[in-house]
Amino acid sequence: MKALVYHGPGSKSWEDVPDAAVQDPTDVVVRVDTTTICGTDLHILNGDVPAVTDGRILGHEAVGTVAAVGAAVTGFAEGDRVLVPAITRCGRCAYCQRGMPSHCATVGGIGWIFGHLIDGTQAELVRVPYADTSLYHVPLDVTDEQAIFLADSLPTGYEVGVLAGRVRPGHTVAVVGTGAVGLAAVLTTGLWGASRVIAVDTNKFRLAKALEFGATDAVEAGEGAIDDVLAMTDGLGVDVAIEAVGYPETLRTAAALVRPGGTVANVGVHGVPVELPMQDLWIRNITLTMGLVDTVSVPTLLTMVASGRIPAERMGTHRFGFAEMDRAYDVFADAAANEALKVVITP
């Protein structure tokens, strides 16, 4: 089969590798019909994730068709159309039982294993461990392009942003950073009744997209942005500020936007330490949350996508074939210049 193989920082290749195969009774093999690229893949290529070693197949998101089934699998059969999410779970360990499969002890203490600890989804075939508790059937009325964004981006924005941020009816929410995950948060704030959603970004294209996705206001990041948001909220600030970038300055911006008793939901992946003005935050009763997605919201999101309540397909801006994988990475790596949100990659 063909797959995108990591060969150390800055090096990858679409090449021939042995076919993925069932190794354990709980495995299935999925023929990949649609995959995409995540910002984490770019971090890997930059050498930021040392656990990813030479020879690893990249990718952790896929929609596909079951091609082979292990002897212990009961919930899936050959020919089933499935979503392969970013998180794998055994369903039995203490973390899975408490609804935190992102830290599944059975698969190594971290639920994100595809393209990380085992071979990933940017391939013609992928082996999926613990299939019965990890895969999701894709409804007939949900397209592959809609479903692919439920593998990571949409659950991340929803779970780590909206749910962790405790968005409630009538709340005013600021989303700092409107890339794919930030836009996923914008798309799903309405599920909990947010009355106003303020998008903050440096990129005019992304701000325009945020308004299309349901934001009520758009503020261009920079000097004066904090004052602009405060002015929109009678000087009080927002109830929930969702940080979806992963830079020190964007987290500090989010903290400056939230009102007393509010919540800062950090979704961005930070690669360096961040200094926050704790001397100002503690007395304002600010809550700070953060975490890795669990993807436990996928059934809910699938239902909302199927009903038309969440137009997930809007997240795909560029489309490529498997043989164009290098071009897809180039476009996604320079997303701002290419006006890219998420790329859709199919055979």
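Residues numbered from 1 in each chain as written. Predicted model: local features only at pLDDT ≥ 70, side-chain atom pairs only at ≥ 80, totals over all residues. Heavy atoms only, no water.

Every second residue of strand β6 (residues 125-128) is oriented toward a common face, with L125 and R127 on one face and V126 and V128 on the other, all of them buried. When strand β3 (residues 28-35) meets β6, the two strands line up antiparallel, connected through four bridges. Its bridge partner lying in β6, R31 is registered against L125. (Buried < 20%, exposed > 50% of the residue type's maximum accessible area, 1.4 Å probe, protein only. Helix = DSSP H or I, 4+ residues; strand = E, 2+ residues; numbered from the N terminus. Pairing = 2+ DSSP bridges.)

To continue, consider the nonpolar core. Counting residues in hydrophobic clusters, the biggest one holds 89 residues, and the most contacted among them are L154 and I242. Broken down by element, the residue count for this core peaks at six residues, all from helix α6 (residues 180-189). Those residues in contact with L154 that sit more than four places away from it in its chain are F149, A184, L187, T188, L301, I310, A312 and M315. Of all hydrophobic cores here, the second largest spans 18 residues; its members include V219, L257, V264 and L281. (Core = buried A, V, L, I, M, F, W, Y, C linked by side-chain atoms within 4.5 Å. Contact = heavy atoms within 4.5 Å.)

Once that is clear, we can look at helix α5 (residues 153-163). Note on helix geometry: an α-helix contains 3.6 residues per turn, so any two residues three or four positions apart are oriented the same way. In terms of burial, α5 is largely enclosed, as ten of its eleven residues are buried. Among the residues of α5, those classed as buried are S153, L154, P155, T156, G157, Y158, E159, V160, G161 and V162.

The strand order β10-β9-β8-β11-β12-β13 describes an open sheet built from six strands, whose pairing is parallel. Either end of the sheet is taken by a strand with one partner, and the two such strands are β10 (217-220) and β13 (287-290). On average, each strand axis in the sheet is tilted by 20° relative to the strand beside it, whichever way the strands run. In the sheet, strand β8 (residues 172-176) pairs with strand β11 (residues 238-243) via four bridges, with the strands oriented parallel. Residue pairing in the sheet places V173 in a bridge with V240 of β11. Packed onto the sheet, helix α7 (residues 204-212) meets β9 (196-201) and β10 and runs at close to 165° relative to β10. (Axes fitted to C-alpha atoms, helices over the stretch in contact; angles between N-to-C directions.)

Our focus in this paragraph is the environment of L281. Within the fold, L281 resides in helix α10 (residues 278-281). Accessibility expressed as a relative area gives 9% for L281, which makes it buried. Spatially, the C-alpha atom of L281 lies 16 Å from that of G235, the residues being 46 residues apart in sequence. Among residues more than four places away in sequence, those in contact with L281 are A255, L276 and I286.

Where α5 meets α6, the closest approach of the two axes is 7 Å, and the angle between their N-to-C directions is 65°. One way to sum up the angle between α5 and α6 is to call them roughly perpendicular. Two packed elements cross with a definite hand, and for α5 against α6 that hand is right-handed. Residue-level contacts link S153, L154, T156, G157, Y158 and V162 of α5 to A180, V181, A184, A185, L187, T188 and T189 of α6. Across the contact of α5 with α6, the residue classes break down as eight nonpolar, five polar and no charged. (Parallel < 35°, antiparallel > 145°, perpendicular 65-115°, else oblique. Left-handed = near helix turned anticlockwise from the far one by under 90°. Nonpolar A, V, L, I, M, F, W, Y, C, P; charged D, E, K, R; others polar.)

Scanning all chains against the criterion turns up twelve salt bridges. Across the pair R56 and D119 runs a salt bridge whose closest N-O atoms are separated by 3.1 Å. Here D119 lies in the loop between α2 (94-97) and β6 and R56 lies in the loop between α1 (39-45) and β4 (62-69), a separation of 63 residues in the sequence. Accessibility expressed as a relative area gives 17% for R56, which makes it buried. (Salt bridge = Lys/Arg side-chain N within 4 Å of Asp/Glu carboxyl O.)

Turning our attention to unusual backbone geometry. Trans is the prevailing form of peptide bonds, just as negative phi is the prevailing case for residues other than glycine. Although it is not a glycine, Y130 sits at a positive phi angle of roughly 45°. Mapped onto the secondary structure, Y130 falls in the loop between β6 and α3 (131-134). The class of Y130 is partly exposed, set by a relative accessible area of 27%. We note that R166 has phi near 60°; this positive angle belongs to a residue other than glycine. Along the chain, R166 turns up in the loop between α5 and β8.

We now examine helix α11 (residues 298-307). The set of residues buried in α11 consists of V298, L301, L302, M304 and V305. Mapping the buried residues of α11 onto a view down its axis gives an arc of 165°, with all of them on the same face. Packing partners of the buried residues in α11 comprise β5 (81-84), β7 (136-137), α4 (144-147), α5 and α6. One or two steps after α11, the chain reaches G308, where phi turns positive at roughly 90°. (Arc of directions from axis to C-beta.)

Taken across its six residues, β9 has five buried, putting it largely inside the fold. Strand direction decides the pairing type here: β8 and β9, joined by five bridges, are parallel. Residue V176 lies in a different strand from β9, and its bridge partner there is V200. You can see the chain leave β8, run along α6 and come back into β9, and the turn it takes is right-handed. What joins β9 to β10 is α7, and the crossover it makes is right-handed. (Right-handed = clockwise from strand over helix to strand, strands pointing away.)

So, on to the environment of V5. Relative to the elements of secondary structure, V5 occurs in strand β1 (residues 2-6). Sequence spacing of V5 and V84 is 79 residues, and the spatial spacing of their C-alpha atoms is 19 Å. The contacts of V5, once residues within four sequence positions are left out, are S11, K12, S13, E15, V17, G55, R56 and I57.

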